[in-house]
Every structure is written in C-alpha cells, then in structure tokens.
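Coordinates in review
If you want the building blocks of each chain, they are given just below.
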Amino acid sequence: MGSLRVTFVQQDGVEKTVADAEAGASLMVVARTNGVEGIFGDCGGCCSCATCHVYVDPQWQERVGPADEVEISTLDMVSDLQRSNSRLSCQILLRPELDGVRVEVAPGE
Amino acid sequence: MSMDSSEAQVQAAGCPVGGDLLEATLTDPVVQARPNAFYQALRSQDPVHFDAKLGMYLVSRYEDLQTVLRDPLTFSVQKGYAEQYAKGFAAEFKEIVTRDGGGFFTDAIMSDPPYHTRIRKLMEKAFTAHRVKLLEPQITAIVSGMIERMADKGAGDGVKEFAVPMTIAIICAQLGLDHFDAQRIQRWSIAVTAQIGRMQTREQMLAHAKDICDLQNYLIARVREREAEPREDMISDLVHARIDDPEHPKLTFSEVVSSVRALLIAGNETTATALGNLLYIFATQPEMAARLYQYVDDDRMLNRFVEELLRLEPPVRGLSRMVTREVELGGKVLPAGAHLLLLYASANDDEQEFPCPRSFDANRGNLGRHLSFGAGIHRCVGLSLARMEIKVAAREFVRRLDHIKLAIAPEEITYLPTVATRSIERLPLTFARRA
Ligand code: HEM
Ligand code: FES
C-alpha cells in the first residue's frame, strides 16, 4: 500500500479519490483497481488503445508533463475527444510530486 | 483524404440478398464476398439475428458489440471458441492432433478471466506501442527489400508474393524463428484459421489437421530448444517468463506452445489480409495511391490512412462468444448457451457511429473507435505491430512503385471461404518502378 492521493472525476460528475496509491503505478491501473468508471485500459497499458484517456487538471499539467510522440499518435485516433490537456493515463506513472493529482475521465466508448 | 468507394455504392444500391434477409445466410460464399448490404439489412431489420444455417446469432450493431465486448463473463470467449473450433468434426480433429501432433493444445489466450488475465499479461508486453516504434527500422528494411526484389519484374501477386511473405518474415524475426519456410507457414495459418471459419468439408479438415500436426511438431521442437538453452527471442521469453502467482509461477509447456502458435498464426492471415486490401485499393483507385504518395513523409496522416483502411475493410469479420446466462441483447432475450458471432465488420459500418460509413475518410474524429481489433479484455495484442506493418508497407509501396493495376478483372477476385475473415486469396498486379 502506498500513500499517494489521486482524484478522478468521472463523466457522471462523481469524484473518486484514492488515498493509498503507490509510486510507480500508472494512473490507469490505479483507476481500474479502484473501480473508476470510464477507464477501461483495454491494451493493459501498451499505449495503443486510447481507452484510458483523461484530461489533466490544468493546475497539474506542468508537473504531469506532456505526452511523447507515440502517445500523441494514439491520442490522435480519438481526436474528436482530444484537448490540450489530454493524456493516456497508462502513460502517467505516479511519483511523489504527483501526490494529490487530479484528472477528469474523458468520455469513451 | 476523403472519397466514396464506388464498389461500396454498388453494394449499397444492389443489395445482393434482396429484401429476403431471413433467407440469407453468412454461410453463403456470395454473401461472404460482398457482405455490406447484408450487414446493413441485419442492423436495420434484426440486429441480433439467428442465422439458422450457421446456428449462431449474428450481432451486428456497434452498440450491441460494445455491450458484449465489455462483459466477458456473460459472453464467454472460452466457451464460444471451443464450440466454434473444428465444428462438426471436433472429436475426430482432436484425435488426430493428439495422436500425430504432440497433443491437443487448447488456446490459452482464448479463455475467460481470471485465467485469461494471467496469460494475457505475458503476451501484451511484447508489442507495446513504444517497443513497436523501435522496430520500425527493422520492419522498413524487410519491407523495402521485398519491394525492391519485385520492382523491376513489373508484375507479381500482391498477396502471395508480398503480403503473406512479408508478415511471416516479420513475426518470425520477432519470435526468433530463423530458416523458416514461408509457404509452409502460410499453409499452417490457413489450416488453423479454417478451424473457426465454419466452411471446411471433412476432407479439408483432414488435410488441415495434418498441417496443424506439422505446425505443432515444429513448434514443440523450437520450444524444447529454448527450454534447454534460452536465446534472445520471444519464444525464450515465454518459456522462461515468471508470473506473479505463487501457485503457477511459470507457463506450462502446453501454454507456451499454444501461445507461440497464437502469436505466429493470429497475426499472419489478418495482417496479410489488410495488406491485400491496401493493394487492392491502390490497384482499383489510383487516386488513393496518388494521395497517399503526398503523405509519405507525414506520419500522422499515414497512421490515419491505415486506421481508416482497417475500419473500412476489416480483415476479421467475426469471432464467437457463448452466452453463460439468460441475457437481453439488442431487444432479444438470449438463453444460456446461445452461440454468437460478433460482426466487427458490421459494427464498423454502423452509421450511428460512423457517418457515411462506406466512404473512406481519414479525417474522422473517432477513427480509433472502429472494432477491427475488437475491444475489451480481448482487444488484439498485436495491434501496434499490425498498424506499423501496414503503415510501412503503404509508405514503401507508393514510394517505390507507380501505375499499380489489377492484372485480372475485379470480378475474378476470390475470397477465402470462411465466416471469420474476409481475405483476398490472390491478387495479380502489374506495376512500374516510380520514376
Ligand atoms: C490487421 C491485423 C490484425 C487484425 C485485424 C486483428 C484482429 C484481432 C481481433 C478482432 C481480435 C479480438 C478477438 C476477440 O474479440 O475475440 C484479436 C485478438 C488477438 N490478436 Fe489480433 N489482429 C491483427 C494482428 C495481430 C498480430 C500482428 C498479432 C500478433 C503478433 C495478433 C495477435 C492476437 C492475439 C494473441 C489475440 C488474442 C487476444 C486476447 O484474446 O486477449 N493479432 N485480433
Ligand atoms: S491502456 Fe491502452 S492506451 Fe492506455
């Protein structure tokens, strides 16, 4: 059990806060193991399915960082839902400075 | 990049099954070859339709497929696949491969959670999008080499001399199978795929079973080699992989053999089919090749082109599930034990999800939501590799070749007899080296 806090805002407006996330875990895995709706993670974190799409709270964007080239091309497959703060949550690995991070789940399938 | 495929318009206008949907069946080779009007009739008249000849419910709407794909316990792959496998001859088939092929290795990945999760974890790490990106130079070298060897001949079969050997060379390089015989591997692929195609006669089943024995004996020897001495390849990775499960810390021998078989076979026919469809489009719609040529240096548009190709012409038509409890789907109550064929190809054609579904439009905003790779926990593990292979093939083909034309009439194109895929069998082409 870790001690990092993460908040997911679901599409239905419900907020789910996880208080015991571990450093090194991806946000996608944290979401799935805590029953966050709308994060499917079909490809298991291989950056190829875009079913783990989130919008990073603008206040956290800088600390979370930008998507790399491979992630950008996967996000482009769902460009109708893409925003400037889009990320694939399987590509965001938790680390101490992300304690408290807040993301909104993008609409999905 | 946007256009109407003229063939699609003909199909939509001249529905080959007429209004008599209930009489039509997916076991009819004519419907298999030109299926889109049939799919449309299914979606609008009876979206979860019982095909009596096939003995399966055809699930045709995007939304209903999503429901099924997101609920793997109610809709079992394991039971659906087992029911489909070698149907009609299952006992005899099993007996043959057990006797002559080293055993009947059930497909470990064609299973349900929680077992599926364990196998899947080991497979999916092999082809992450980032890993595949690193393979791009190697794939480009294989593909360009093959095109170069064809280029000055001016003619060749796009499926037999290009698509099939190319996909085989790439997956064999990954698995660590050197000195392979591409023709033999293609025979094996067809034999394995035929087991879920529902169209084989007993004679064909016997021939296929013989090929599958040959395949298994070959793979068993390769796995034994890696057990004795690991190498830097994917078979060794699977043989020696450690799983986070104290009771079963390693894959069993039969799990390894079946996983290697799945990786070798699942990606061959399917990716080769996508390449065949690509070359068919180049040959019959020269403006598409010309447009793509403008994008050879634009990775984003190349990726979009490939994705839209996969949506419009999905290699995998339909795979099976079995209902494990009474459930309502698309307004119909299905009993436990109902056998379903999920028509990915029809979902991609669903106008509710993809406006003007028969037009090629690489600028769609929801490109990646097609179901050509399935969805949910069984979503294709090889999708990044497949996308990369098709992208590189498309790019290198138009970069080097021009004036690509069919060497036979379009009506002479034939498709493999199967409900599972829609694959061009042979594609004679003429072409010239680009000036
Ligand atoms: C264009 C090429 C390809 C297409 C259209 C395709 C299509 C599919 C589809 C539709 C499924 C889902 C099955 C289901 O819902 O039951 C699937 C699963 C699978 N594919 Fe692919 N595939 C392609 C290429 C590949 C490649 C290159 C590989 C291997 C390197 C591969 C390996 C697999 C495996 C192992 C599964 C089973 C995954 C599971 O059940 O968890 N495929 N594929
Ligand atoms: S889980 Fe598939 S892209 Fe993130």
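Structural notes, computed from the coordinates. (Residues numbered from 1 in each chain as written. Chains lettered and ligands numbered in written order. Predicted model: local features only at pLDDT ≥ 70, side-chain atom pairs only at ≥ 80, totals over all residues. Heavy atoms only, no water.)

Of all protein atoms, just one serves as a donor to the iron atom of ligand 1, and that atom is Cys 380 of chain B (SG), at 2.3 Å. Looking at the element boundaries, Cys 380 of chain B is found in the loop between strand 10 (359-361) and helix 17 (383-400). (Donors = N, O, S within 2.8 Å, 3.2 Å for Na, K, Ca; no water. Helix = DSSP H or I, 4+ residues; strand = E, 2+ residues; numbered from the N terminus.)

A word on the site of ligand 1. Residues and elements named next belong to chain B. Taken together, 28 residues sit near ligand 1, with His 116, Arg 120, Tyr 344, His 378 and Cys 380 positioned nearest. In the environment of ligand 1, an oxygen atom lies 2.9 Å from a nitrogen or oxygen atom belonging to the side chain of Arg 321. Elements with a contribution of two residues or more to the shell around ligand 1: helix 7 (115-124), helix 13 (253-284), strand 6 (318-323) and helix 17. The leading source of residues in the shell around ligand 1 is helix 13, at 5 residues. (Near = heavy atom within 4 Å. Polar contact = N/O pair within 3.5 Å; in protein donor to acceptor, adjacent residues only side chain to side chain.)

On to the interface of chain A and chain B. Listed by partner, the interface residues are 21 residues for chain A and 26 residues for chain B. Roughly 1,900 Å² is buried in total at the junction of chain A and chain B, and carbon and sulfur atoms are behind 48% of that figure. Between the two partners, chain A and chain B, sit 6 salt bridges. The residue Asp 76 of chain A makes a salt bridge to Arg 300 of chain B at a minimum N-O spacing of 3.1 Å. For the pair chain A and chain B, the number of links is 14 residue pairs in polar contact (both at pLDDT 80 or more). When its residues are assigned to classes, the side of chain A that touches chain B shows 9 nonpolar, 6 polar and 6 charged. (Contact = heavy atoms within 4.5 Å. Buried area = accessible area lost by both parts, 1.4 Å probe. Salt bridge = Lys/Arg side-chain N within 4 Å of Asp/Glu carboxyl O. Nonpolar A, V, L, I, M, F, W, Y, C, P; charged D, E, K, R; others polar.)

In summary, soluble globular proteins display a tendency toward joint burial of nonpolar side chains. Counting 107 residues, the largest nonpolar core has Val 143, Phe 162, Leu 264, Phe 282 and Leu 427 of chain B as the members making the most contacts within it. No other element matches helix 13 of chain B, which puts 16 residues into this core. Leu 427 of chain B has contacts with Gly 156, Asp 157, Gly 158, Val 159, Gly 276, Leu 279, Tyr 280, Leu 406 and Ile 413 of chain B, leaving out every residue within four places of it along the chain. Residues Cys 47, Cys 52, Val 78 and Leu 98 of chain A belong to the second largest nonpolar core, which totals 31 residues. (Core = buried A, V, L, I, M, F, W, Y, C linked by side-chain atoms within 4.5 Å. Buried < 20%, exposed > 50% of the residue type's maximum accessible area, 1.4 Å probe, protein only.)

Looking now at the pattern of salt bridges. All names here are of chain A. In this structure the tally under the stated criterion is 47 salt bridges over all chains. The shortest N-O distance in the salt bridge between Glu 71 and Arg 87 comes to 2.7 Å. Pair noted here: Glu 71 is in helix 3 (residues 69-75) and Arg 87 is in strand 4 (residues 86-88), with a separation of 16 residues, a long-range link. Assessed through its relative accessible area of 1%, Glu 71 is described here as buried.

The subject of this paragraph is the packing of aromatic side chains. One pair of aromatic rings is described through two measures. These are the centre distance and the angle between the planes. Per the stated rule, a full pass over the model turns up 10 aromatic pairs over all chains. The interplanar angle of 70° and the centroid separation of 5.7 Å between the aromatic rings of Tyr 85 of chain B and Phe 93 of chain B together place this pair among those described as edge-to-face. An aromatic cluster is present here, built from Tyr 81, Tyr 85, Phe 93 and Phe 104 of chain B joined pairwise through their rings. Above the plane of the ring of Phe 40 of chain A lies Arg 70 of chain B, whose end atom (NZ or CZ) is 3.9 Å from the centre. Its end group placed over the ring of Phe 354 of chain B, Arg 311 of chain B keeps NZ or CZ at 5.2 Å from the ring centre. (Phe/Tyr/Trp six-rings, centres within 6.5 Å; stacked < 30°, edge-to-face > 60°. Lys NZ or Arg CZ within 6 Å of the ring centre and 35° of its normal.)

The next subject is unusual backbone geometry. Cis rather than trans, the peptide bond between Pro 113 of chain B and Pro 114 of chain B has omega equal to 5°. The backbone phi angle of Cys 47 of chain A is positive, close to 65°, even though this residue is not glycine. Topologically, Cys 47 of chain A is positioned in the loop between helix 1 (27-33) and strand 3 (53-56). Even without being a glycine, Ala 50 of chain A presents a positive backbone phi close to 60°. Judged by its relative accessible area of 12%, Ala 50 of chain A is buried.

All names here are of chain B. Viewed as axis vectors pointing N to C, helix 8 (residues 129-151) and helix 9 (residues 158-175) meet at an angle of 140°, and their least axial separation amounts to 10 Å. Once helix 8 is placed against helix 9, the crossing between them reads as right-handed. Counted together, Arg 131, Leu 135, Gln 138, Ile 139, Ile 142, Val 143, Met 146, Ile 147 and Met 150 of helix 8 and Glu 161, Phe 162, Pro 165, Met 166, Ala 169, Ile 170, Ala 173 and Gln 174 of helix 9 form the full contact between these two elements. (Axes fitted to C-alpha atoms, helices over the stretch in contact; angles between N-to-C directions. Left-handed = near helix turned anticlockwise from the far one by under 90°.)

With that out of the way, let us pick up the sheet that holds strand 4 (residues 75-76) of chain B. In sheet architecture, strand pairing relies on hydrogen bonds along the backbone and comes in two forms, parallel and antiparallel. Residues and elements named next belong to chain B. Strand order in the open sheet made by the 5 strands is 2-3-9-6-4, with mixed pairing throughout. The open sheet has two free edges, formed respectively by strand 2 (48-51) and strand 4, since each of these has just one partner strand. In this structure, strand 2 lies alongside strand 3 (residues 56-59), joined through 4 bridges in antiparallel fashion. Along strand 3, the bridge assignment pairs His 49 with Leu 58. (Pairing = 2+ DSSP bridges.)

Residue and element names in this part refer to chain B. Contact pair helix 11 (residues 202-228) / helix 13: the axes reach a minimum separation of 10 Å and the direction vectors enclose 120°. Relative to helix 13, helix 11 is oriented oblique. The crossing of helix 11 and helix 13 is right-handed. Residue-level inspection shows Leu 215, Gln 216, Leu 219, Ile 220, Val 223, Arg 224 and Glu 227 of helix 11 in contact with helix 13, the latter providing Phe 253, Val 256, Val 257, Val 260, Arg 261, Leu 264 and Ile 265. Class assignment for the residues of the contact of helix 11 with helix 13 results in 10 nonpolar, 1 polar and 3 charged. (Parallel < 35°, antiparallel > 145°, perpendicular 65-115°, else oblique.)

Once that is clear, we can look at the sheet that holds strand 5 (residues 155-157) of chain B. All names here are of chain B. The 3 strands are arranged 5-12-11 in an open sheet whose pairing can be described as antiparallel. Two strands in the sheet have a free side with no partner beyond their single neighbour: strand 5 and strand 11 (401-406). Neighbouring strand axes in the sheet, compared pairwise and without regard to direction, differ in orientation by 30° on average. Sheet topology places strand 5 next to strand 12 (residues 428-433); 3 bridges connect them, and they run antiparallel. For Asp 157, the partnering residue across the bridge sits in strand 12 and is Pro 428. Sitting on the sheet, helix 9 is in contact with strand 5 and strand 12, with an inclination near 65° to strand 5. Sitting on the sheet, helix 13 touches strand 11 and strand 12, and the angle it makes with strand 11 is about 90°.

The subject of this paragraph is the environment of Val 101 of chain A. Residues and elements named next belong to chain A. Inspection of the secondary structure puts Val 101 in strand 5 (residues 101-105). Judged by relative accessible area, Val 101 falls into the buried class, the value being 1%. In this structure the C-alpha to C-alpha distance between Val 101 and Leu 27, which are 74 residues apart in sequence, comes to 9.8 Å. Setting aside chain neighbours within four positions, we find Val 101 in contact with Arg 5, Val 6, Thr 7, Leu 27, Trp 60, Val 64 and Leu 94.

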